[in-house]
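Tertiary structure, described
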Amino acid sequence: MSATVVHSRVLLGFTAHAVTVECHVGSGLPSTTIVGLPEGAVREARDRIRAALTNSGFEYPDGRVVINLAPGHLAKSGSFLDLAMAISILAATAQLRTQGLARYELLGELSLFGELRQARGALTCALAANNAGRFLLIPSANGDEAALAPAGTIGLVQTLAEAAAVVNGSQPPQQPPVTALADPQANAGPEPDLFAEISGQAGAKRALAIAACGGHHALMVGPPGTGKTMLARAFTNLLPCLSPAQALEVAAIYSAAGLTRTDHSRPPFRDPHHSASAPALMGGGRTPLPGEVSLAHHGVLFLDELPHFKPAALNLLREPIESGEAVISRTSYNVRFPCRFQLIAAMNPCPAGQHCREDACRCSPSQVRSYQSRVSGPMLDRVDIQVSVTPVPQRLLARLSQGAQSHPSRADIAAGRAVQMQRQGKLNAELTPVELQQQISTAQGCETLIRGMEKQTFSARSFHKIWRVARTVADLERVEAIQREHLAEAISYRALDWQTRVGFA
């Protein structure tokens, strides 16, 4: 009789919970029992582990094998505990030495022939293991994301036999390739100027530049073919590269979702289809996975054809937009996903979306109101910048495409953001009302506009958002104090009249 302990992890949402795998081999009829709230894939591991051990040249015990997964109150799902359970059996039957076993954590799914398959959430588990002071062994198939973990915290193995040799001390683990996140601009080549491909729309470009500089949410309203989608896709070119800490956090979210990114330095851009369900947007499911809002963390969430999204799904975005966190509460779990994203949305002003002029649109006023009311007032109130995108006259398109057009650059946005970080340590969109009051008190020549704002039906949230946008306009123009023209421009971005036929020329 013998017993042993092996460390592993199980992923629940964005948290890699520590799991202790305890194995006891005793006398009795041959059997294998797994306890500790295992779900179906974990219970099926008995047959995979037996085949993998025998096909890797090890012996499977003939007695009664009991494997306990602690803590017992935490549900264990997935197949990534296979490697830890197999190593615990080898240690319990004295087929490998256990002196150095306590410094390792093991993660990976076994094939019947002892090979290790890719594990979801390996980077998230590696960061948690590093915080616990242990070294994580994962499959070689996770090498790309393992390269993003801190050096000396993770090792790669291809087979069960190789993992046993590493734990036994007879060979070192493979080291992941080096991927430096310290200088995201080091290998960055020239990027296409997507704004230059869009003719006209100077007003929309200006609004998006302000949104990019201050981290504000934006909504574009206009008929089809005016360039709303192209503007949204070009928006990411205005955003600076992610810092190393941000890039690592985004990579960990994608790891938890079982996805990979090709360029870790660029902000993510997510554009879910309008048929997306609430769990697809927010995250969740039987096994909680990050949703689109979390996959857009430190990047852009683009919602095209905004009124075509389910109103119930849109309304779920109201809290994450403000808090930067998606909280998923279900009967069996409660998880939190980070989701500090910028919302860029686009919509037509009416269901037909053809001409969208007061004298030409075929939609009745009631149809227009019904269409626009699919986007709730509280949701619109959380969008800082609302801009109308009107068609460019055809006679100007050729002239605009031939001549040089002035538009914002990433350098301008980066300089504006640097001013904000130096002054307050955060972007203007993240200013609290108390911090914002200091900016309002230094405003110059805005008394008339302030009195006019008091007569409007602006909510307190809208009032603060107008001032945040005005602060960003001043930063973009390198002005220390908010001027009258800055506040006037910020008010104009809240001037769409949603009580009538908004967006009509």
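The preceding data block contains the structure.
Here the structure is a predicted model, which means the values were calculated and not measured. (Residues numbered from 1 in each chain as written. Predicted model: local features only at pLDDT ≥ 70, side-chain atom pairs only at ≥ 80, totals over all residues. Heavy atoms only, no water.)

1. Things to note about the overall build of the chain
Filter applied, for reference: Going along the chain from the N terminus, every DSSP run of H or I of four or more residues is numbered as a helix, and every run of E of two or more is numbered as a strand. Whether a residue is buried, partly exposed or exposed follows from its accessible area with a 1.4 Å probe, protein chains only, as a fraction of its type maximum: under 20%, in between, or over 50%, in that order. Every residue pair with non-hydrogen atoms within 4.5 Å of one another is taken to be in contact.
When you go through the chain residue by residue, the secondary structure sums to 21 helices and 18 strands. A buried classification covers 51% of the 505 residues belonging to the chain. In the chain, the share of contacts with a sequence separation of at least 24, taken over all contacts with a separation of at least 6, comes to 74%.

2. Some words on the pattern of salt bridges
Heads up, the rule is: We define a salt bridge as a contact between a side-chain nitrogen of Lys or Arg and a carboxyl oxygen of Asp or Glu at a distance within 4 Å.
Within this structure, the stated rule accounts for 18 salt bridges. In this structure, R9 engages E105 in a salt bridge whose closest nitrogen and oxygen atoms are separated by 2.9 Å. A residue pair is termed long-range when its members are at least 10 positions apart, and R9 in strand β1 (residues 2–12) and E105 in strand β5 (residues 104–106) qualify at 96 residues. In terms of burial, R9 and E105 fall into one category: buried. Members of the salt-bridge network, linked through shared partners, are E322, D381, D384, R461, K465 and R494.

3. Here we look at the pairing of strand β9 (residues 154–157)
Defined as follows: Paired strands, in this sense, are two strands between which DSSP finds at least two bridges.
The alternating pattern of β9 places I154 and L156 on one face and G155 and V157 on the opposite face, and all of these are buried. Here strand β8 (residues 135–139) pairs with β9 via four bridges, running parallel. Considered in β9, the bridge of I138 is made with L156.

4. Considering the environment of F309
Topologically, F309 is positioned in the loop between β14 (300–303) and α12 (311–315). Here the alpha-carbon distance between F309 and A276, two residues 33 residues apart in the chain, equals 7.3 Å. Here F309 is in contact with P272, H273, H274, L281, L303, D304, L314 and R374, once residues within four sequence places are set aside.

5. With respect to the sheet that holds strand β18 (residues 385–388)
Across the sheet, which stays open at both edges, the five strands sit in the order β11-β14-β17-β10-β18 with parallel pairing between neighbours. Only two strands of the sheet have a single neighbouring strand rather than two, namely β11 (269–270) and β18. Where strand β10 (residues 218–221) lies against strand β17 (residues 342–347), four bridges are found, and the strand directions are parallel. Opposite V221, over in β17, you have M347 as the bridge partner.

6. Notes on the side chain of E105
Threshold: Residues adjacent in sequence count toward polar contacts only when both atoms are side-chain atoms; beyond that, a polar contact is any pair of N or O atoms within 3.5 Å, and within protein one must be able to donate a hydrogen and the other to accept it.
For E105, a relative accessible area of 0% translates into the label buried. Within polar-contact distance, the side chain of E105 engages the side chain of R134 at 2.9 Å. In this view, E105 contacts H7, S8, R9, A129, A132, R134, F135, L136 and L137; residues no more than four positions away in its chain are not counted.

7. Regarding the side chain of K465
Mapping K465 onto the fold places it in helix α20 (residues 460–476). Within the structure, K465 has its side chain in polar contact with the backbone oxygen of R382 (distance 3.5 Å).

8. Some thoughts on the packing of aromatic side chains
The criterion, for reference: Note on ring pairs: Phe, Tyr and Trp rings are taken, using the six-membered ring of Trp, and paired if centres are within 6.5 Å. Classes follow the plane angle, with under 30 degrees stacked, over 60 edge-to-face and the rest tilted. Cation placement over rings: the criterion is NZ of Lys or CZ of Arg within 6 Å of the ring centroid and within 35° of the ring normal.
Summed over all chains, the structure comprises three aromatic pairs. Ring geometry for Y104 and F135: centres 6.0 Å apart, planes at 85°, overall edge-to-face. With Y104 in strand β5 and F135 in strand β8, this pair connects stretches of sequence that are 31 residues apart. The pair Y104 / F135 is uniform in exposure class, with both members buried. For the ring pair F463 and W467, a centre distance of 6.4 Å and an interplane angle of 65° mean the geometry is edge-to-face. Within this pair, F463 and its partner W467 are both found in helix α20, separated by four residues, close to a single helical turn. Overall, the relative accessible area of 26% leaves F463 in the partly exposed class. Residue W467 is classed as buried on the basis of its relative accessible area, which comes to 0%. The ring of Y104 is capped by R103, whose NZ or CZ atom sits 4.7 Å from the centre of that ring.

9. A look at the nonpolar core
This is how the line gets drawn: By convention a nonpolar core is built from buried Ala, Val, Leu, Ile, Met, Phe, Trp, Tyr and Cys residues, the set being connected through side-chain atoms within 4.5 Å.
Counting residues in each nonpolar core, the largest one holds 44 residues, and the members touching the most others are L208, M220, F235, I344, I385, W467 and L487. With eight residues, helix α7 (residues 202–214) is the single largest residue contributor to this core. Apart from residues lying up to four places away in sequence, L208 is in contact with F195, A218, M220, L231, F235, L238 and I344. Judged by nonpolar contacts, the second largest core, of 42 residues, contains L53, L74, A91 and L116.

10. Let's talk about the packing of helix α3 (residues 82–92) against helix α6 (residues 160–168)
How we decide: Between N-to-C directions, angles span 0 to 180 degrees; the directions come from axes that are lines fitted to C-alpha atoms, helices contributing only their stretch in contact. Angle categories are assigned with fixed cut-offs, so that under 35 degrees is roughly parallel, over 145 is roughly antiparallel, 65 to 115 is roughly perpendicular, and the rest are oblique. For any helix crossing, the convention is left-handed if the near helix is rotated counterclockwise from the far helix by under a right angle, and right-handed if that rotation is clockwise. Note on residue classes: Ala, Val, Leu, Ile, Met, Phe, Trp, Tyr, Cys and Pro are nonpolar, Asp, Glu, Lys and Arg are charged, and everything else, Gly too, is polar.
Here α3 crosses α6 at 60°, and the two axes come no closer than 11 Å. On the basis of the axis angle, α3 is oblique to α6. The interaxial crossing formed by α3 with α6 has right-handed handedness. Each of L83, A86, I87 and L90 in α3 lies in contact with α6, whose residues at this interface are L160, A163 and A164. Grouping the amino acids of the contact of α3 with α6 by side-chain chemistry returns seven nonpolar, no polar and no charged.

11. So, helix α4 (residues 122–131)
Burial analysis of α4 places eight of its 10 residues in the buried class, which makes it a mostly covered element. Buried within α4 we find A122, L123, T124, C125, A126, L127, A128 and A129. G133 sits one or two positions beyond α4 and adopts a positive phi of about 80°.

12. Observations concerning helix α17 (residues 410–424)
Structural remark: α-helix, 3.6 residues per turn; residues separated by three or four positions point the same way. For the record, the criterion: Under the convention used throughout, the expected extent of a helix is 1.5 Å for every residue step, that is, one less than its residue count. By construction, the arc corresponds to the directions joining the helix axis to the C-beta atoms.
Between the first and last C-alpha of α17 there are 21 Å, a value that for 15 residues agrees with the 21 Å anticipated at 1.5 Å per step. Regarding α17, the residues found buried are I413, G416, R417, Q420 and Q424. Down the axis, α17 shows its buried residues gathered within 95° of arc, on one side only. When the buried face of α17 is taken as reference, the exposed residues oriented beyond 90 degrees from it are A411 and Q422. The inward-facing, buried residues of α17 contact α7, β17, α18 (433–441) and α20. One or two steps after α17, the chain reaches G425, where phi turns positive at roughly 75°.

13. Some points on unusual backbone geometry
With an omega dihedral of 5°, the bond running from A70 to P71 counts as a cis peptide bond. Even without glycine at this site, R478 takes up a positive phi of about 60°. Here R478 is to be found in the loop between α20 and α21 (484–492).

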